[in-house]
Every structure is written in C-alpha cells, then in structure tokens.
Amino acid sequence: MQRKEFRELTSVEDARVLVGKIRVTPKTVKTPIEKAAGHIIAEDIFSNVDVPAFNRSVKDGYAVRAKDTYQASEPQPCELRCTASIPAGCADDFFVDDGEAIEISTGAPIPDGADAVVMVENTKQSSDSLLVYQPVHIGENIMRVGSDIMKGERILRKNTRLGSREIGVLASIGMSEVPVKRLLVGIISTGDELIRPGEKIEAGRIYDANSYATSVAIEECGGTPKIYGIVADDAALMEEALDRAIMECDIVLTSGSTSAGVGDIMYRIIEEKGKTLTHGIAIKPGKPVVIGMIDNVPTIGLPGNPTSALSIFNEFVAPIIHNSLGVRPSFKTKVRAVMGTGIRSGGREELFPVGLVRGKVYPADKTSGAITTLSDADGIIEIRAHTEYIKAGSEVEVTMFGNVTSPDLMLVGGQCPGTDLLEEMTGLVFRTLNMGSSAGFTAISGGTADIACVNMVDPQGDFNSSVLAKMNLKDVVLVKGYRREQGLIFAADNPVHGLENLITGVRLINRNRGSGTRALLERELGILAAKMGTTRNELIKNINGYNSGSKTHRSVCDTVRSARADVGFGLRAAADEAGLEFIPVAEDEFDFVIRKDLLDIKEIRVFLDALSCEEFSKRLPPGMYTYEMTGRIISSF
Ligand code: AMP
Ligand code: MG
C-alpha cells in the first residue's frame, strides 16, 4: 500500500484563513424550551403579552387609596375599614372606596379604586378595622401592567445562545417552543481497535473516546451532534458511513486514520469523494488533519489521538460552527501567569496543555495519546513555531478550559490512599499525578511539583533521603510520612506462601518501572537471593511476569482478582479493599519532598498539620501507620 508523506504542511495561519471562509447554512427548527438550552435562537423574539398582564401587588399587605394614608404616623395611625381579602390567582372584581382597604397577597391583582399597597408590617388589623402606621405614595408596592415586558417588545435577539435566563424569559411570556438554529454535525470514529464504552474490554482494544468528547464539544459551540458510531478500518465501510453522514449532516467529522500509517485511508477517501483543501497542518498536537469538502459538506478528518482530536476541533472546527451559526465563540477566560518551569518546544506551532497551580504554569503533557492530558490540565498556552524555549519565570497567557477549578497543590509521584485521605482532611484540591516515585523526584527537582510523594528504597534499606543526597537537591526538605505494609497479594483459592513461590512459575503482576513498590520488591528479592546463594538477576530471570508493570496498587489487585495473574506485590490496604489475601513482606516509608520556598504558604502548612494530627493516624487504612518520625522535617541529606 502506498504511504503518504507530509511533505508540505499548511501553516497555522493559512489553515485559519481557510476554515474562516467555510460557512454552512443551518436550518431553523422549533424546539421545546425544556430542550433548548445551549442552542442559538434563529429569529428575534417579540413578546405577544404584557408581563405582568395586570397590575399586581409586590407585597403582602392592604390595597388602599394613597391619599387616605398621608396623615399616618407611628403615634397617630389612620383607621381604614377592611372590606375583603384577595389571594394570588384570584380573578374576582373588587373595589376600594375612600376610607377602605382590602387585604391583598403578593402577586394578587390590585382591585379597582386602589392606587397603592401598604405593607402588612406597617398595619394592625382587628376584625374589620385596619390601623395604618406609615403613609404610602401613589403606585407604591404595585407592579404595573407591562412594566417588566411590554407587548410588542423585542425580548431576545437572533443569534443569542439560550441559557437559564433566556429560557426563563421565554417561559414568562408563555412561549413553549422556540425557533433555534440546527446545525447537524456528524461524527464517525474509525479504528478496528475501538469498542463502545460499556462493552467488555478485550486485549488490544480501546474505548472510543472521540465520539463522546467531540459530541460535547459540538454542543458547546451550539451545534447538534449526531454520533454514527465506530467504523472498522475498511474502505468500503468507511465510504458507506461517510455517504450516509454527508447526506444527513451539515458538517461531518471523522476521527482516526488520517496519518501516514499503513491502513490510514481516510484522507484518500475524502480526496476521492470530494476535494481536499488541506492535509497536514504545522501544529502540535494534531499534525495529521484533513480538511475537505464533499458535496458542499465540510468534511474534517480529525486525528485519532483524543487530545489531538479535541485540540484540532477547538482550533479549526469550532470556528466553522461559530461562523455558520453567526455567534461569537463562547467567552474563554485568559489569564496571565508565570511559568513555574521551562518548556522546550520548537519547529511547529504548539497548543501546549498546562496546569495552573496558584498562578504558576506547569506542563501537563504526557503524550498526545492520553486523554488524561486534558483532564489533568487547566488550559493551554500557544507556543509560536519559532519559540524554542520558554524560561521559568517568564509571563505567558493561559487560555483556560471552561469550568475548571484550579488545584491548590500539585503532587507528583507514588500513589497511596493516604494522600487521598490528606486531601479529604485538608479540604484542599490536589492535582495528583501518579507516575511513580522516580517521576516524583524528577518533578520536584525540575520545579514542576509542589510535593513529590516518594517511597524509594536504596540497597541499604534507606528510604528516600539517599536518593535526595545522590541528586544533590538543595532547595527541598524531606517530610517523613508514614509506614506501609507491602507484601504478596493473591486470591484465597490460589494461595502463595512467600517470596520463594515467585520462582515456581506463578504469574506475577509487577508494578511499573520507577515505582518505589517495584524497587522494594527488587530489594527483597536481592535479600532472598543472597540467602539462597544465588544472584538477584538469576532469581528474577525465573519469575514469570517480572517485567509487567501496572501503574497503581488498585490495578495490580484487579489483575489478580480477574485471574490474569496469580500474585501481585503491593499494599495490604489495597488487598483488603479488593477482598484479596495478603502476606506481609516488608514495610516501606512513604514520604513527601517539598520545596523549601513553599514551606510557609498556607496550603503546605495545612497539609503538614493534617499529616501530624491524631485524626490522620486513626483514619489511615489497615496496614498503614504513623510513627515517631511522622511529620519530621529533614533538611540535610
Ligand atoms: P489513528 O489516527 O487512526 O492512527 O489513531 C491514532 C491513535 O489514536 C491510535 O492509538 C488509536 O488507537 C487512537 N484512537 C483512534 N480513534 C480513537 C477514538 N475514537 N478514541 C480513542 N482513541 C482513538
Ligand atoms: Mg486508526
């Protein structure tokens, strides 16, 4: 099969100009107001009614003639004769004459003859005699016909996005349906490996994220998404799906199969059926994007990587939807903030996902293949093609994602239920990147974490401080945390009895490289090897599954529980939670490395207080203990 090469990438500016010219015409449909939120109004809306439709009272009190109260005062109230009572919703005819009053509820129609309402607080009634202690002026406490909305008045403009306030206004003039613009955007996800969320995952398969993420992104722009589902990497099936979508929709998006890999055929299909406007844009992430036109339907092939797909959507598809609907992009908050660390870039324009923690910007990219990049990020910064390096401390502009709450503290490193407990107890919002202890040390030395969570043992059995000494880290402290029982995790009906069992062919699920728990197992195996008169490497060679690498304690337990492995190595707390058996092998020390310059900030003080308090000791899960070192701050290694 012929391979496509990206010889000439379209520049971002050219691509923007290109999509800026694309417009499609939406239809107008009547939509019940209950379902109209987020849609764009197709026409100006005028009111057919007055709101309120009658003069009504805005207070509980008495309808009176104002002039009858002019002489009233606290010491010398006026006396009126109370003749009736009008509840809200009452349509009967009443009349107030000189010297009279009628009791009236909030929202009830003002009776003829009356021109003001005295608040109940300023009166005293006994049988039909009413004493009024304060004067009212004409019109006081009365909302006049049409004073809110007048018949014939334009209440909403065309192209307004419908939110709670707009829909409230429509309801209050009695409209049950509203004409909105309908721009149907079809979504086709391609890939033999894709399955629908909810289905059982099998080896080599991944869940289709793009259909759902893109669908919401379309709604956020005011468009109407239509999910066509998953199509296999098969030219005939893709063409069939594309034909249907082109017939039914105003814009069609596909995801996957746009790059230059063998079997990536989407760009060729678009080329055959219509016209390719561009294939390949000089932007990261998301270079392999196709923009084409089939039967006057803009057809955009988004990259398969979920992060790339969403970024490209925001950059090049959202403008088409906005322009076609005649709306401005919804307001995106931009904040100026300072780089907490340097970022290397260069070559291509880049939309770089970042976290924003207490005004500092940190890179949040793992690889563009991970959708969690976006959920761990607070916004993006745009890096120009010629920028090679952005220095720590330089000011940048962050375009925030909608609805994000910026976290209080950034934790990187080993994963532990104890940190979840600390988050709950402090009431702070942690951004926790569970990447293993090694990544924690790297992040704290690079300045991209506030706290590194670490449990890294050295050959002598020292936890964490020797690593800090070796890395020669000066501007950090080591805060001792707590101890955790680590050991073998297995199912009751498939028991193991000790580390020696690992070399008898049982299948092990190990933790990821760089995790402290994996390092601890390695050390214990070294000790066992010495006892057996062999070397650790010899021992490891005979362990089935030693090279596996699960990222969390919980996923180790899942693997054992589903019998994909016989034994795992991890926390007693995790084994307990999963209902698995546990044999203790060793205890580790789970500690926190904190930047010195942060020790005085409120968030860190709250964190340290929580770590040292009695409630924390009590609430730690089974197999985890505070000890005399807990909370101790060590500043030289
Ligand atoms: P492709 O462009 O088809 O080569 O896809 C690039 C990467 O994105 C591959 O790792 C795909 O498995 C992944 N991918 C493609 N489509 C989706 C999707 N709908 N949801 C999540 N991942 C996807
Ligand atoms: Mg694919």
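See the structure above.
Heads up: these notes are all about the structure in this document. (Residues numbered from 1 in each chain as written. Chains lettered and ligands numbered in written order. Predicted model: local features only at pLDDT ≥ 70, side-chain atom pairs only at ≥ 80, totals over all residues. Heavy atoms only, no water.)

## Here's the deal with the sheet that holds strand β7 (residues 116-119)
Then, in step 1: One open sheet accounts for 6 strands, arranged β7-β4-β6-β5-β9-β8; its pairing is mixed. Each of the sheet's edge strands pairs with one partner strand only, and the pair in question is β7 and β8 (123-126). Each strand of the sheet is rotated relative to its neighbour by a mean of 35 degrees, with strand direction disregarded.
Then, in step 2: For strand β5 (residues 78-86) and strand β9 (residues 129-132), the ladder comprises 4 bridges, and the chain directions are antiparallel. Along β9, the bridge assignment pairs Cys 78 with Val 132. (Pairing = 2+ DSSP bridges. Helix = DSSP H or I, 4+ residues; strand = E, 2+ residues; numbered from the N terminus. Axes fitted to C-alpha atoms, helices over the stretch in contact; angles between N-to-C directions.)

## A few points about the packing of aromatic side chains
Then, in step 1: This model, assessed by the stated rule, comprises 6 aromatic pairs.
Then, in step 2: Aromatic pair Phe 430 and Phe 607: ring centres 6.0 Å apart, planes at 50 degrees, arrangement tilted. Note that Phe 430 is positioned in strand β30 (residues 430-434) and Phe 607 in helix α15 (residues 602-612), a separation of 177 residues in sequence.
Then, in step 3: Residue Phe 430 is classed as buried on the basis of its relative accessible area, which comes to 7%.
Then, in step 4: By relative accessible area, Phe 607 is classed as buried at 0%.
Then, in step 5: Judged by centre distance (5.5 Å) and plane angle (25 degrees), the ring pair of Tyr 482 and Phe 590 falls under stacked. (Phe/Tyr/Trp six-rings, centres within 6.5 Å; stacked < 30°, edge-to-face > 60°. Buried < 20%, exposed > 50% of the residue type's maximum accessible area, 1.4 Å probe, protein only.)

## What to know about the pattern of salt bridges
Then, in step 1: On inspection of all chains with the given rule, the structure shows 36 salt bridges.
Then, in step 2: Among the salt bridges present, the one from Arg 358 reaches Asp 450, with a minimum N-O distance of 3.0 Å. Pair noted here: Arg 358 is in the loop between β24 (349-357) and β25 (360-363) and Asp 450 is in the loop between α9 (437-446) and β31 (451-454), with a separation of 92 residues, a long-range link.
Then, in step 3: Note that Glu 382 is salt-bridged to Arg 384, the shortest N-O span being 3.3 Å.
Then, in step 4: Taking relative accessible area as the criterion, Arg 384 reaches 38% and is therefore assigned partly exposed.
Then, in step 5: A network of salt bridges, in which partner residues are shared, links Arg 16, Glu 315, Glu 349, Glu 382 and Arg 384. (Salt bridge = Lys/Arg side-chain N within 4 Å of Asp/Glu carboxyl O.)

## Focus: the environment of Glu 219
Then, in step 1: Examined against the element boundaries, Glu 219 turns out to sit in helix α3 (residues 210-221).
Then, in step 2: Taking the relative accessible area as the measure of exposure, Glu 219 reaches 45% and is therefore partly exposed.
Then, in step 3: Along the sequence, Glu 219 and Ile 142 sit 77 residues apart, while their C-alpha atoms lie 42 Å from each other.
Then, in step 4: Setting aside residues up to four positions removed in sequence, Glu 219 forms contacts with Gly 38 and Pro 225. (Contact = heavy atoms within 4.5 Å.)

## Structural notes on α15
Then, in step 1: Every buried residue of α15 is listed here: Glu 603, Ile 604, Phe 607, Leu 608, Ala 610 and Leu 611. Angular distribution of buried residues about the axis of α15 spans 160 degrees; they occupy a single face of the element. Within α15, the exposed residues directed more than 90 degrees away from the buried face are Lys 602 and Asp 609. (Arc of directions from axis to C-beta.)

## As for α9
Then, in step 1: Here α9 has its buried residues at Ser 437, Ala 439, Gly 440, Phe 441, Ala 443 and Ile 444.
Then, in step 2: Here the buried face of α9 lies against β29 (409-413), β31, α10 (465-471), β32 (476-490), α11 (516-532) and β35 (581-595).
Then, in step 3: Positive phi shows up at Gly 447, right after α9, with a value of about 80 degrees.

## With respect to the nonpolar core
Then, in step 1: Counting 38 residues, the largest nonpolar core has Leu 409, Leu 422, Ile 451, Tyr 482, Phe 592, Ile 594 and Phe 607 as the members making the most contacts within it.
Then, in step 2: Those elements giving two or more residues to this core turn out to be β29, α8 (417-426), β31, β32, α13 (553-561), α14 (572-578), β35 and α15.
Then, in step 3: A total of 5 residues in this core trace back to one element, the largest contributor, which is α15.
Then, in step 4: The residues touching Ile 594, leaving out its near neighbours within four places in the chain, are Ile 444, Asp 450, Ile 451, Asp 475, Val 476, Val 477, Val 479, Leu 599, Ile 604 and Leu 608. (Core = buried A, V, L, I, M, F, W, Y, C linked by side-chain atoms within 4.5 Å.)

## Considering unusual backbone geometry
Then, in step 1: At the junction of Val 51 and Pro 52, the peptide bond is cis and its omega measures out at -10 degrees in the coordinates.
Then, in step 2: With respect to the secondary-structure elements, Pro 52 resides in the loop between β2 (45-46) and β3 (56-57).
Then, in step 3: Positive phi outside glycine occurs at Ser 127, with the angle close to 40 degrees.
Then, in step 4: Relative to the helices and strands, Ser 127 is located in the loop between β8 and β9.

Remember that the coordinates give geometry; whether it matters functionally is a separate question.
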